[in-house]
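Fold and geometry: a report
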Amino acid sequence: MPPAILWLRQDLRTTDHPALLAAIAEGPVIPLYILDDESPETRAIGGAQRWWLHHSLAALDASLRKRGSRLVLRRGAVAEIVESVAAEAGSTRVHATRCYEPWWRHCEEAIDARLELRLHDGNYLAPPESITNAQGARYRVFTPWYRALLERMPPALPHAAPDHIPPPRAWPASDNLADWGLTPTSPDWSSGFGEWHPGEKGAWRALRDWLPVAGDYKARRDYPSLTATSRLSPHLHFGEISPRSIWHALGERDDAGAETYRSELGWREHGINLLDQMPDYGDRNGRPTFDEFGWRSSPEADRDFTAWTRGRTGYPIVDAGMRELWNRGWMHNRVRMVTASFLVKHLLIDWRRGERWFWDTLLDADLASNAMNWQYVAGTGVDAPVFSRIMSPLLQSERFAMGDYVRTYVPELAHLSDAEIVAAHGQDVRVPEYPPPLVGHEAARARALAAWEALRG
Ligand SMILES: Cc1cc2nc3c(=O)[nH]c(=O)nc-3n(C[C@H](O)[C@H](O)[C@H](O)COP(=O)(O)OP(=O)(O)OC[C@H]3O[C@@H](n4cnc5c(N)ncnc54)[C@H](O)[C@@H]3O)c2cc1C
């Protein structure tokens, strides 16, 4: 029996892996991961995720080796590499987990034209195209869509990891992971990533650590000074754990914490639902009227954008968030909303510039989730509140008790009390090393509303 190729993408796990099980059922398996920075239609993964990918691939290889297998690594244009590995190994069939980023479509068509490509579900609770209304139409708004998804839940039970993965008679050549240079060296900006444990084991550990506090999730999830959320997002993005494994780990719980958590998993699914319908959602306004919006574009706007990326806006909560992102490769969800809103509404800078910055710096950068959330906050999305709802960073900071969070990430303000941090925002307390606000809240609000009115004519 010629070996089947298991083409791995965002499914770097062995547990609950239908594509892996289907390949094993046919005989020997060649697990293949391809790093494709070449194909013109792909969006190359960002710097932070390269770090994660390195460690996740190393963990997966170790786990495969325990099962009698190993990971074959290749770099280059996906379709060509799959074809060349198949030719080398005498394979005719390729198994893969279904992914929805638009660039995969082209690769999949090219592979399918030359070999037999079998796609399997596994990275979402339900295939996005399967959630439709009574007329068979797709949803674009979260609430009715989530209601329809819930009717399909619970998902099927997850599969156990196989004990043994039959190897091919001869292994095709593999690159050496270290030669890919995915981890930064000079400078090594990843020193703050130590709390993360990429790989399947790390994913299950994060889940186990979080489950005991699941009951408090609804009450505490919006407070960035607390550790209340699961931090599973990079693990989910890289497919180190399946969402249905998480769903079933919550079991029959029906407390508010579990219900809210399920709906957050639902937001992840909704992101893929939108991307599947609008493959250019990461680049194009969901509401086309915004194509005419008066985003700032000038040397001053560039200067403001740089200050935002560096956490030097003069708004403590925005700066804390942007520095958490740079140092830890992650940012608390509530603060993501505040920082994104600040860029788009206070600085009047196109959401796509922010989306790209997050893409490069988030360990969990995910086209569907990033695009949906940026468009939601910006008000440009198909399922978003109106643009004129403008978040006040100051009120958010007070309401969600963000003092400790600011003191952690903005050392210039570490000696201030909560009240003084709020005052520092207004510069009542002078902290010489801390920058003055790029723009006053009321002035920014007025400028944003004027741009909105101009758009509406
Ligand atoms: C501007 C902006 C950009 C974002 N970009 C991304 C991104 O690139 N990748 C990403 O995974 N999430 C993104 N999010 C959503 C959210 O902030 C993260 O999923 C969450 O903070 C991850 O932390 P956690 O795993 O502890 O989440 P938890 O609160 O523990 O939630 C559990 C899981 O539910 C999913 N989830 C939770 N909230 C959301 C949400 N609003 N949208 C989609 N899925 C959600 C995630 O998979 C998460 O791991 C973005 C949010 C905003 C406001």
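Residues numbered from 1 in each chain as written. Predicted model: local features only at pLDDT ≥ 70, side-chain atom pairs only at ≥ 80, totals over all residues. Heavy atoms only, no water.

**Thoughts on the side chain of T309**
What counts, and what does not: Strands here mean DSSP runs of E at least two residues long; helices mean DSSP runs of H or I at least four residues long; both are numbered from the N terminus. Accessibility here uses a 1.4 Å probe with only protein chains present; expressed as a share of the type maximum, an area under 20% marks a residue as buried, one over 50% as exposed, and anything in between as partly exposed. Contacts are assigned to residue pairs with any non-hydrogen atoms lying within 4.5 Å of each other.
Within the secondary structure, T309 is located in helix α11 (residues 299-310). For T309, a relative accessible area of 8% gives the class buried. Ignoring any residue separated from it by four or fewer positions in sequence, one finds T309 in contact with M322 and W357.

**Observations regarding the UniProt feature "domain: Photolyase/cryptochrome alpha/beta" (unreviewed entry) in the chain**
What counts, and what does not: UniProt positions are given in the numbering used here, feature names are shortened, and annotations may be inferred rather than shown by experiment.
Per the UniProt record, the feature "domain: Photolyase/cryptochrome alpha/beta" (unreviewed entry) sits at residues 2-125. End C-alpha to end C-alpha, residues 2-125 measures 32 Å, and it is 44% helix and 21% strand.

**Here's the deal with the packing of aromatic side chains**
Applied cut-off: Pairs were defined over the aromatic rings of Phe, Tyr and Trp, the Trp ring being its six-membered one, requiring ring centres within 6.5 Å. Orientation was assigned from the angle between planes: stacked under 30 degrees, edge-to-face over 60, tilted for the rest. Each ring is checked for a lysine NZ or an arginine CZ that lies within 6 Å of its centre and within 35 degrees of its normal; such an atom marks a charge sitting over the ring.
For the structure shown, the criterion picks out 31 aromatic pairs. A centroid spacing of 5.9 Å and a plane angle of 15° characterise the contact between F290 and W452, whose relative ring orientation is stacked. Here the residue F290 occupies a position in the loop between α10 (256-277) and α11, and W452 occupies one in helix α19 (residues 441-456), the gap between them amounting to 162 residues. The exposure classification of F290 matches that of W452, with both residues buried. Linked through ring pairs, W51, W52, W189, F193, W196, F238 and W330 together constitute an aromatic cluster. We note R43 situated over the ring of W359; from NZ or CZ to the ring centre the distance is 4.7 Å.

**Overview of the pattern of salt bridges**
Spelled out, the test is: Salt bridges are counted wherever a side-chain nitrogen of Lys or Arg sits within 4 Å of a carboxyl oxygen of Asp or Glu.
A complete count under the given rule lists 35 salt bridges for this structure. With a shortest N-O distance of 3.1 Å, E355 and R43 are connected by a salt bridge. Of this pair, E355 sits in helix α14 (residues 351-361) while R43 is found in the loop between β2 (29-35) and α2 (47-66), placing the two residues 312 residues apart along the sequence. Connected through shared salt-bridge partners, E26, R93, E116 and R118 make up one network.

**Here's the deal with the UniProt feature "site: Electron transfer via tryptophanyl radical" (unreviewed entry) in the chain**
Those places that UniProt annotates as "site: Electron transfer via tryptophanyl radical" (unreviewed entry) correspond, in this numbering, to W295, W351 and W374. Other than its neighbours up to four places away in sequence, W295 contacts F290, V344, L348, I349, D350, W351, R352, T380 and F387. Here W351 is to be found in helix α14.

**Considering the sheet that holds strand β5 (residues 116-120)**
The line we're drawing: Any two strands are treated as partners once DSSP identifies two or more bridges connecting them. Working convention: axes come from line fits to C-alpha atoms, limited for helices to the stretch in contact. Angles between N-to-C directions cover 0 to 180 degrees.
Strands sit in the order β3-β2-β1-β4-β5 across an open sheet of 5 strands; the sheet is parallel. For this open sheet the edge positions go to β3 (72-75) and β5, each flanked by a neighbour on one side alone. Neighbouring strand axes in the sheet, compared pairwise and without regard to direction, differ in orientation by 30° on average. Direction of pairing for β2 relative to β3: parallel, over a ladder of 4 bridges. Bridge pairing in β3 places L32 opposite V72. Helix α1 (residues 18-26) contacts β1 (4-8), β2, β4 (93-97) and β5 of the sheet and is inclined by roughly 155° relative to β4.

**With respect to the domain arrangement of the chain**
Note the cut-off: The domain boundaries here were taken from an automatic or database domain assignment. Defined here as a combined quantity, buried area equals the accessible surface (1.4 Å probe) lost by two parts on assembly, summed across both.
With domains assigned, the chain is organised as domain 1 (1-122), domain 2 (124-156 + 201-277) and domain 3 (288-456). Each of domain 2 and domain 3 has a C-alpha centre, and these two points are 26 Å apart. With 21 residues of domain 2 in contact, the opposing surface of domain 3 contributes 24 residues. Between domain 2 and domain 3, roughly 1900 Å² of surface is buried when both sides are summed, and carbon and sulfur atoms account for 62% of that area. A per-residue breakdown of the area domain 2 buries against domain 3 is headed by D222, P224 and S225, which together make up 28% of the total. The tally of links from domain 2 across to domain 3 stands at 1 salt bridge. D222 serves as the salt-bridge partner of R334, at 3.2 Å between the closest nitrogen and oxygen.

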